[in-house]
Amino acid sequence: MVEISDEERNVLLNLKFDDYVETMRDYAKEHNVPIIQDEGLAFLKAIVKLYKPKRILEIGCAIGYSSSMMSIYSDAEVYTIERDPIMYEQACKNIKALGLENKVHIIFKDALEITNELDGLDFDMIFIDAAKGQYTKFFQKFTTQLKDKGIVVTDNMLFHGFLDAEIHSRNLRQLVGKLKKYHEFLLTNPDYDTSIYNLGDGMALSIKK
Ligand code: SAH
Ligand code: MG
């Protein structure tokens, strides 16, 4: 058997990890899963590296891409919620393949139907990245478990530029209306300092006062 040093072994392990992450990105592209964009991910990475959350809650797991990345970059334990059975199945497979099953816990449920699954847990950070029409509800429901000085990051705040566009579809117009209300809700919320950044698909950072 060939002897390799610990350092070489780590390089090989990392290569395998990166390769696997690449297959997740390919899957997302092929199946139109809206995983976080590179720019948004870089922002998320900077936030978790600086803020060092110990426990993160994510709403909208999809295939487990952003949850894996957040747990890797921060050493945090991540709880993530997903309601779609195919996404849930993919996420379980991916988290296991990445060896993160002890750090990323996936809850298979509609987030608004969560009752006692997160009882007794408080979070340093919440990442909201699920149905855009429900952002305000997610925020109100889950920030009850956010620690003081905790942060909420929300993805897709700018919704591919739809916010300022003229829209003919009634459903889409309704959705945009709800997202605009969420902007207003965040920016006028006296308990949080919020900034909205024009990167990726638009990200909000709200810090609990
Ligand atoms: N955070 C992921 C992408 C999430 S895409 C990443 O960047 O890698 C949004 C996901 O939220 C979809 O898989 C969708 O099924 C899920 N979702 C939407 N509304 C939800 C809800 N109310 N409860 C749970 N999951 C929801
Ligand atoms: Mg998103």
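As the structure is a prediction and not an experimental result, all values here were calculated from the model.

A. Layout of helix α6 (residues 170-187). Over its 18 residues, α6 extends 26 Å from the first C-alpha to the last, a length consistent with the 26 Å expected when each residue adds 1.5 Å. Three or more residues of α6 are buried, namely V176, L179, Y182, H183 and L186. Here the buried residues of α6 occupy an arc of 110° about the axis, which is enough to place them on one side. Those residues of α6 that are exposed and aimed more than 90 degrees away from the buried face are R170, K181 and E184. Looking at the buried residues of α6, the elements they touch are β4 (123-128), α5 (135-142), β5 (146-154), β6 (192-197) and β7 (203-208). The N-cap of α6, judged by a side-chain oxygen 3.4 Å from the amide nitrogen of N171 a few residues on, is S169.

B. Broad picture of unusual backbone geometry. Within the chain, N32 stands out as a residue other than glycine whose phi angle is a positive 50°. Looking at the element boundaries, N32 is found in the loop between α1 (6-30) and α2 (38-51). Residue class for N32 comes out exposed when judged on its relative accessible area of 67%. A positive phi angle, near 50°, is found at A62, a position not held by glycine. Along the chain, the position of A62 falls in the loop between β1 (55-59) and α3 (65-74). Given a relative accessible area of 16%, A62 falls into the buried group.

C. Highlighting the packing of aromatic side chains. Using the criterion set out here, one finds 8 aromatic pairs in the structure. Relative to F108, the ring of Y88 has its centre 4.5 Å away and its plane inclined at 15°; by these criteria the two rings are stacked. Of the two residues, Y88 is situated in helix α4 (residues 85-97) and F108 in strand β3 (residues 104-108); the sequence distance between them amounts to 20 residues. For Y88, a relative accessible area of 24% corresponds to the partly exposed category. Overall, F108 belongs to the partly exposed group, its relative accessible area being 42%. An angle of 70° between the planes, with centres 5.0 Å apart, marks the rings of F139 and Y192 as edge-to-face.

D. Structural context of the coordination of the magnesium ion (ligand 2). Only D129 (OD), D155 (OD) and N156 (OD1) from the protein coordinate the magnesium ion (ligand 2), and they sit 2.1 Å from it. The sequence pattern formed by the donor residues of the magnesium ion (ligand 2) is D-x25-D-N. Here the residue D129 occupies a position in the loop between β4 and α5, and N156 occupies one in the loop between β5 and α6, the gap between them amounting to 27 residues. Exposure class is identical for D129 and N156. Each is buried.

E. A look at the pairing of β5. One ladder, built from 5 bridges, connects β4 with β5; its direction is parallel. When the sheet's bridge partners are listed, F127 is paired in β5 with V153. The parallel pair β4 and β5, bridged by α5, forms a crossover whose chirality is right-handed. As judged from the 4 bridges shared by β5 and β7, these two strands associate in the antiparallel manner. In the sheet register, V152 faces β7, and the bridge partner there is S206.

F. Local environment of the site of ligand 1. The full set close to ligand 1 counts 22 residues, and I36, G60, S66, E82 and D129 are the nearest of them. In the environment of ligand 1, a nitrogen atom lies 2.8 Å from a nitrogen or oxygen atom belonging to the side chain of D129. Contact between ligand 1 and Q134: a nitrogen atom at 3.2 Å from a side-chain N or O atom of the residue. Considered on its own, ligand 1 offers 580 Å² of accessible surface; in the complex 92% of this is hidden by protein. Of all the secondary structure elements, the ones that give two or more residues to the shell around ligand 1 are α3 and β2 (77-82). Looking at the shell around ligand 1 residue by residue, the class counts come to 12 nonpolar, 3 polar and 7 charged.

Conventions adopted
Residues numbered from 1 in each chain as written. Chains lettered and ligands numbered in written order. Predicted model: local features only at pLDDT ≥ 70, side-chain atom pairs only at ≥ 80, totals over all residues. Heavy atoms only, no water. Helix = DSSP H or I, 4+ residues; strand = E, 2+ residues; numbered from the N terminus. Expected span 1.5 Å × (residues − 1). Buried < 20%, exposed > 50% of the residue type's maximum accessible area, 1.4 Å probe, protein only. Arc of directions from axis to C-beta. Contact = heavy atoms within 4.5 Å. Polar contact = N/O pair within 3.5 Å; in protein donor to acceptor, adjacent residues only side chain to side chain. Phe/Tyr/Trp six-rings, centres within 6.5 Å; stacked < 30°, edge-to-face > 60°. Donors = N, O, S within 2.8 Å, 3.2 Å for Na, K, Ca; no water. Pairing = 2+ DSSP bridges. Right-handed = clockwise from strand over helix to strand, strands pointing away. Near = heavy atom within 4 Å. Areas by Shrake-Rupley, 256 points an atom, 1.4 Å probe, with all protein chains shown as cover. Nonpolar A, V, L, I, M, F, W, Y, C, P; charged D, E, K, R; others polar.

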